[in-house]
Amino acid sequence: MTTMERRPTPTTPERTERHAPERPVGHTTGYWGMVLFICTEATTFATFLASYFYLRFAGSGPWPPTGDPLPELFWSSLETGALLVSVVPMAVAVRTVAKGRRTGGLLMLALVWALGAAFVSFQIMDYLVSYPQSTLSSDAFGSLYYTITGLHTAHVVVGLLMLIAVIASTALGRLGKRRPEPVALMAMYWYFLAVLSLAIYVVVYISPYA
Amino acid sequence: MSTSGVLPERRIAEQTVGAVLDETWEEEPGLKGWITTVNHKRIGRRYLVTAGLFFTLSGIQAVVLRTQLITPNNQFLDPEWYNQLFTLHGTTMIFWFVTPMLFGFGNFFLPLMIGTRDMAFPRMNAFSYWVFMMSGLLIFASLPFQMAPNAGWFNYVPLSGDYQQQINIEFYTLGVAFLGVSTTVGAINFIVTALKMRAPGMSLARMPIYVWSVVATSFMVVFALPPLNLANFMLFMDLRFGTKFFDPAAGGDVVLWQHLFWLFGHPDVYIIVLPALGIISSIIPTFSRRAIMAYPLIVFATVGTAIIAFGVWAHHMYAVGLSNVSMTFFAAATLTITIPSGIQMVAWVGTMLAGRIVITPAMLYAFGFIAAFMIGGVTGVMFGVVGFDQQVTDSYFVVAHFHYVLFGGAVLPILAGLFYWWPKMTGRMTSPKAGYWSFGLVFFGFNLLFFPMHISGLLGMPRRIYTYDDGLGWTVWNFASTIGSYVLGVGLLLTLGIFAHSLLRGPRAPDDPWGSNTLEWATGSPPKAYNFPVVPTVHSANPMWDGQTLTTMETYRHDEQRTMTEEHMSVRTSELDGRFEMTMLMPEESPLPFIVALCILATVTSLLFSVYFLVGIFAALGTAALAYWLWHRPGVEE
Amino acid sequence: MQLPRRRRGGANSAARRSTRALACTAAWTVLLIGTLTACGNDSPSTLSPAGPKSQLIATIWWALFGISVLVSALVIGAMLWAAFFRRGDTKVNQTSGKGIVLTLGAVIPAAILIATFGTSVGGIARNADPPSPTEMTIEITGNRWWWEVRYPEAGVVTANEIHIPVDTPVRLRLETDDVIHSFWVPELMPKQDLLPKRINHVWMSADEPGVYRGQCAEYCGAQHAHMAFHVVAEPSNEFEVWLAEQSEPAEKPDTELEREGLDVLQTSTCGTCHTVRGTSADGELGPDLTHVGSRSWLAAGAIPNDFGHMSGWVANSQTVKPGNLMPPQQLSPEELRAVVTYLQSLE
């Protein structure tokens with residue numbers, strides 16, 4: 001056994017690759033975790049939107065079934081716009097934080113947060129002001145309308161909470177040039193919410209007109 | 001070979017770095033360590049034990065059900081008890097036994113098989129376990145109070161709507177959704193672990209088939225669970241807050257539930273069966289003394305099954321009145337999905353024929369699996385024939401079919417896997433002779449229990465009836481089934497006894513008792529907390545047999561990037577080729593997974609009993625704990 | 001460097017015994033299948049078809065069964081052959097065998113499956129429409145836990161007993177008043193679900209006169225087990241007579257006891273749920289009792305229809321069919337005797 005104790009001199013090709021470069025290469029486990037999380041979330045909403053059309057077309061009657069008025073578009077257009085626009089400062093924030101420009105990054109993140117908060121406020125306005133005729137329990141149309149938008153808004157609220165943590169971490173220097181990844185993961189989730197809001201806008205607000 | 005059965009390469013590696021690693025990976029002892037552990041092997045064992053316990057409880061329910069059916073017009077159970085018992089039996093066997101049991105194997109063996117030190121997200125892993133355990137306790141707690149779900153495991157509306165006590169159904173909707181958190185998190189964890197943490201050199205083409213099957217299953221979980229969660233959410237909203245998703249009088253539709261449920265439900269069959277097939281694909285090469293035949297085809301078959309499985313759900317609904325066009329489509333898909341299974345079946349039998357067979361209890365269970373899965377498979381093909389499906393669906397024929405698939409196709413492989421991996425998990429051997437008896441009794445009991453159900457089904461006996469009249473030709477078959485359930489029960493008890501005996505008296509197991517081909521056998525029996533003292537470089541799909549992989553454990557024993565002695569670290573490699581990327585820091589043990597899971601349990605329980613202010617408090621506590629958890633991440637320098 | 005490794009493979013004799021047990025089990029299961037055909041005629045068996053739809057499916061079954069036995073026997077036989085004759089403990093060559101796996105595991109099964117698919121589609125097509133146009137529609141409504149049967153043209157309403165003329169396809173209109181049920185007469189036709197607000201139309205025909213048992217096949221709650229019905233196929237002249245009788249209002253009571261019974265029926269709570277055409281009882285929740293005496297079974301096949309069973313049922317049906325929706329009746333023994341005598345006379 002002692003004959004085995006000599007120090008080896010490996011010559012395999014991967015030997016040279018094994019010396020880790022200074023900057024990490026490849027996707028992280030966190031990246032894949034977020035991708036898969038978004039996949040499962042997206043499937044949930046996709047199924048929900050498919051259910052919307054299923055219920056609409058399964059019965060042969062009119063839609064909305066009990067003669068509710070068609071959805072108002074004012075607040076919903078504003079909220080969808082706000083969330084879609086917020087994608088831009090989010091993308092800028094990912095870059096600036098990674099470059100280590102803390103103030104710029106914080107500014108951008110705060111802008112994203114403000115737009116997200118605007119989304120939530122507009123959604124509440126939509127519920128309160130412009131569309132009070134139908135309720136959650138009046139018919140399938142009302143049920144779909146409130147639960148789909150409600151579930152999405154709940155996700156945005158969670159996103160806003162996460163964003164607070166990211167902003168605090170950046171301000172404290174826990175996130176920055178040396179550790180930019182959580183901002184990028186946050187951004188992935190945020191993009192997902194924005195794209196989703198467009199899909200919901202089209203299905204829930206626009207499609208009843210068709 | 002030394003007398004203690006330690007592989008020489010591992011012995012040398014351990015001598016070099018074992019002592020340091022032991023210290024680095026040492027866990028806190030006692031109750032605190034028990035709650036805070038993130039060690040994938042301890043969590044895996046827990047999964048197996050907890051799922052085994054749920055299997056026992058659910059199995060006892062089944063024996064009680066069979067006892068009610070032993071004679072016509074039996075008065076042993078009243079209908080309400082019968083209906084709750086059969087619903088809970090199905091629900092818990094599907095959700096709280098098979099999948100978690102296979103997740104337990106995955107937890108223990110996936111990191112070992114790919115040559116890494118832990119799962120990608122160890123604390124998430126602990127969290128999945130706690131959620132699984134707590135949701136299981138919640139659902140089983142419903143039975144003593146006669147609050148158990150009672151609308152069948154697929155919980156069709158409107159029966160599950162206004163026609164049952166609300167609390168029974170809410171145990172189902174909330175319990176299943178609660179468990180869904182665990183399953184989803186666990187699945188994501190498996191995928192990321194297999195993608196990013198394989199030992200250097202293990203390209204996807206060298207990944208063990210078992211790992212492929214767990215990954216395929218996990219992908220299915222990611223995409224199949226959302227429809228189920230959505231359906232449960234809708235039903236919960238209907239019951240509690242008066243939404244109208246399933247109310248036809250207000251624009252809802254009852255068939256929507258069926259579509260959503262089976263959009264999950266049929267993939268779920270493969271979620272259950274695929275990892276079990278993976279176990280079989282691990283056992284057969286070992287005991288046929290050759291590599292598995294047609295490895296790439298089996299991988300294609302596994303992935304293909306996972307994809308096609310999403311296109312067959314409506315064959316559960318042929319009696320609903322679908323259009324002929326859609327029935328034709330789903331019939332075609334249903335028949336297509338048997339081709340991947342056919343490929344695997346031929347590959348297994350071919351491997352045996354081309355190899356040299358060593359008979360062990362695990363291999364006998366694999367034989368039993370092939371016979372049972374073959375029968376379950378051919379009856380499955382029959383359901384692709386729409387007319388025949390309409391004739392026997394919801395009869396005992398379908399009960400026979402899916403027990404051949406689920407007991408034969410999943411429980412027999414689980415037992416095979418237990419006999420196969422027991423020495424690795426516990427460091428003890430089991431008695432082979434007793435193992436043969438276990439197989440004999442279980443296999444005989446299983447066939448006596450389920451085979452007659454084919455016949456009673458063809459003779460017109462519908463499923464889910466708590467009693468039946470004499471003179472319909474069903475009496476003798478039901479009697480045989482019930483006797484079979486007793487034999488099976490005795491066989492399973494004997495199996496339990498074998499494992500208990502092994503724990504207490506079994507001889508010490510060597511590192512590689514069976515002469516296997518995959519990397520889990522390169523660790524100690526049982527493995528050390530760090531699994532591999534030196535992460536090896538994998539040279540082939542059968543690393544234990546290639547004569548090179550093990551040597552690298554010795555070669556790199558002074559290489560800090562392979563030994564990682566200073567902290568909890570693991571190697572990260574590229575997704576496709578398994579090229580080394582970097583070493584990464586892994587989280588330490590933590591009580592947070594337990595605390596967050598507990599908060600969710602409290603939230604769900606408060607929601608169940610409509611105590612809304614507590615829902616708010618516990619949800620806030622859980623969110624706070626989760627925030628604290630995410631705030632303190634590994635590698636963060638304050 | 002490859003190191004020699006200890007192999008375990010002993011205990012061969014015990015293994016052989018187990019394998020033999022396996023072979024015995026296989027033989028035993030085949031025996032069981034053999035007895036299938038020898039089953040009594042009293043079973044509502046899918047394999048003793050009495051109508052064109054079930055006939056076609058039974059034929060398909062036997063074809064599927066034959067192929068299945070053949071394929072299973074081949075695979076299981078090959079496995080057993082390996083288990084018995086390929087023992088050994090030496091590592092063998094590692095050929096991939098992709099070609100043979102592809103051929104035996106994909107190409108040949110695909111051929112069989114394509115044939116199966118043809119059968120499947122052919123079956124859908126052949127069972128979609130009746131051999132001759134239907135002239136009569138029977139409306140069947142599922143209830144927890146009984147079947148309402150209406151012949152709209154004749155104005156007949158009855159329960160749990162469906163009369164049809166033999167050799168004549170009839171159209172069924174299936175719907176439910178509450179939860180999902182499934183209409184299944186194994187000897188005549190496969191299942192068709194009854195759904196709320198979705199009406200399914202199917203056809204059914206019997207080749208031979210006879211009584212065919214059917215049962216609800218979709219779990220529908222507490223008494224799913226007792227939701228049977230009977231299809232009575234009879235020559236068309238007998239059927240016409242039956243239909244004409246059923247369309248009459250209830251017979252007038254003949255005896256004193258029957259008259260008392262009618263009184264009880266009209267003054268107690270019976271009429272809240274049940275209809276007896278020609279009396280004041282016009283409830284719609286329970287089965288129509290206008291001609292209840294003519295039926296062979298009570299409570300959806302749970303009990304035979306005779307004086308004793310009906311008395312027990314009316315007094316407290318919960319002991320017979322726990323959980324059913326008919327409450328126990330507060331009747332004195334005399335009232336009970338009278339009302340049951342009256343109901344039995346309603347043929």
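Since we're looking at a predicted model, the values are computed, not measured.

A. Layout of the overall build of chain A. Broken down by element type, chain A carries seven helices and zero strands. Secondary structure elements in chain A, listed N-terminal to C-terminal, are α-α-α-α-α-α-α. Going through the 210 residues of chain A one by one, you find that 37% of them count as buried. Put simply, of all contacts in chain A between residues at least 6 apart along the chain, 82% involve residues at least 24 apart.

B. Spotlight on the pairing of strand 2 (residues 580-585) of chain B. All names here are of chain B. The pairing of strand 1 (residues 569-573) with strand 2 spans five bridges and is antiparallel. Its bridge partner lying in strand 2, Val571 is registered against Thr583. Taking the residues that link successive antiparallel strands as the turn, the strand 1-strand 2 hairpin has six residues, and the phi of Gly578 there is positive, at about 65°.

C. Spatial organisation of the packing of helix 8 (residues 254-288) of chain B against helix 12 (residues 361-382) of chain B. Residue and element names in this part refer to chain B. Between helix 8 and helix 12, the least distance of the axes is 10 Å, while the angle of their chain directions is 120°. In terms of axis orientation, helix 8 runs oblique to helix 12. You can see that helix 8 and helix 12 cross each other, and the crossing is left-handed. Counted together, Ile280, Ile283, Ile284 and Phe287 of helix 8 and Ala362, Met363, Ala366 and Phe369 of helix 12 form the full contact between these two elements.

D. Highlighting the packing of helix 7 (residues 209-241) of chain B against helix 9 (residues 295-308) of chain B. Residue and element names in this part refer to chain B. With their axes 9 Å apart at the nearest point, helix 7 and helix 9 run at an angle of 15° to one another. In terms of their interaxial angle, helix 7 and helix 9 are classed as roughly parallel. For the element pair helix 7 and helix 9, the recorded crossing hand is right-handed. Touching Ile209, Trp212, Ser213, Ala216, Phe219 and Met220 of helix 7 are Tyr295, Ile298, Val299, Thr302, Val303 and Ala306, all from helix 9. Here the residues of the contact of helix 7 with helix 9 sort into ten nonpolar, two polar and no charged.

E. Inspection of the arrangement of the chains at higher detail. Contacts are most numerous between chains B and C, considering all two pairs of chains that are in contact. Considering only C-alpha positions, the minimal separation of the non-contacting chain A and chain C is 9 Å.

F. Structural view of the nonpolar core. Counting residues in hydrophobic clusters, the biggest one holds 358 residues, and the most contacted among them are B:Ala366 and B:Ala416. Look past the residues within four positions of B:Ala366 in its chain and what remains in contact with it is B:Ile280, B:Ile283, B:Ile284 and B:Ala416.

G. Representation of unusual backbone geometry in the model. Following A:Trp63, the chain continues into A:Pro64 via a peptide bond in cis, with omega recorded as -5°. Looking at the secondary structure, you find A:Pro64 in the loop between helix 2 (29-58) and helix 3 (74-85). Going from B:Val157 to B:Pro158, the amide bond is cis rather than trans, its omega being 0°. When you line up the elements, B:Pro158 lands in the loop between helix 5 (122-141) and helix 6 (166-196). One non-glycine residue with positive phi stands out, namely B:Ala294, at about 50°. By the secondary structure assignment, B:Ala294 is in the loop between helix 8 and helix 9. With a phi angle near 65°, C:Asn160 is a residue other than glycine that sits in the positive phi range. Mapped onto the elements of the fold, C:Asn160 is located in the loop between strand 3 (156-159) and strand 4 (161-165).

H. Representation of the interface of chain B and chain C. Taken residue by residue, the interface counts 97 residues in chain B and 96 residues in chain C. Among the elements of the structure, helix 4 (79-113), helix 8, helix 9, helix 10 (324-336), helix 11 (338-354), helix 12, helix 13 (386-392) and helix 15 (432-458) of chain B are those that each provide at least two residues to the side of chain B that touches chain C. Tallied by class, the residues present in the side of chain B that touches chain C amount to 64 nonpolar, 24 polar and nine charged.

I. Expanded view of the confidence of the model for chain C. All names here are of chain C. Scored by pLDDT, chain C has a mean of 86; 88% of the residues are at 70 or more. For residues 1-14, every residue scores under 50 in pLDDT, and the model assigns this stretch 20 contacts once sequence neighbours within four places are set aside. Predicted complex metrics record ipTM = 0.92 and pTM = 0.91.

J. The sheet that holds strand 8 (residues 200-204) of chain C, seen in detail. All names here are of chain C. Here we have five strands laid out as an open sheet, ordered 3-2-1-5-8, and mixed in their pairing. Of all strands in the sheet, those bounded by a partner on one side alone are strand 3 and strand 8. For this sheet, the mean inter-axis angle between neighbouring strands, taken without regard to orientation, is 25°. Here five bridges tie strand 5 (residues 170-176) to strand 8, and the two strands are oriented antiparallel to one another. Considered in strand 8, the bridge of Val170 is made with Met204.

K. The arrangement of the sheet that holds strand 9 (residues 210-215) of chain C in detail. All names here are of chain C. Read across the open sheet, the three strands follow the order 4-10-9; overall the sheet is mixed. Where the open sheet ends on each side, the last strands, each with one partner, are strand 4 and strand 9. Each adjacent strand pair in this sheet contributes to an overall mean axis angle of 25°, direction not counted. Where strand 9 and strand 10 (residues 228-234) come together, six bridges link them in antiparallel fashion. Directly across from Tyr212, in strand 10, lies its bridge partner Val231. Across the sheet, helix 4 (residues 236-247) touches strand 4 and strand 10, and the angle it forms with strand 4 is around 135°.

Each value, and the rule that gives it
- Residues numbered from 1 in each chain as written.
- Chains lettered and ligands numbered in written order.
- Predicted model: local features only at pLDDT ≥ 70, side-chain atom pairs only at ≥ 80, totals over all residues.
- Helix = DSSP H or I, 4+ residues; strand = E, 2+ residues; numbered from the N terminus.
- Buried ≥ 20, exposed ≤ 12 C-beta atoms within 10 Å, placed from the backbone.
- Contact = placed C-beta atoms within 7 Å.
- Pairing = 2+ DSSP bridges.
- Axes fitted to C-alpha atoms, helices over the stretch in contact; angles between N-to-C directions.
- Parallel < 35°, antiparallel > 145°, perpendicular 65-115°, else oblique.
- Left-handed = near helix turned anticlockwise from the far one by under 90°.
- Nonpolar A, V, L, I, M, F, W, Y, C, P; charged D, E, K, R; others polar.
- Core = buried A, V, L, I, M, F, W, Y, C linked by C-beta atoms within 7 Å.
- pLDDT = per-residue confidence, 0-100.

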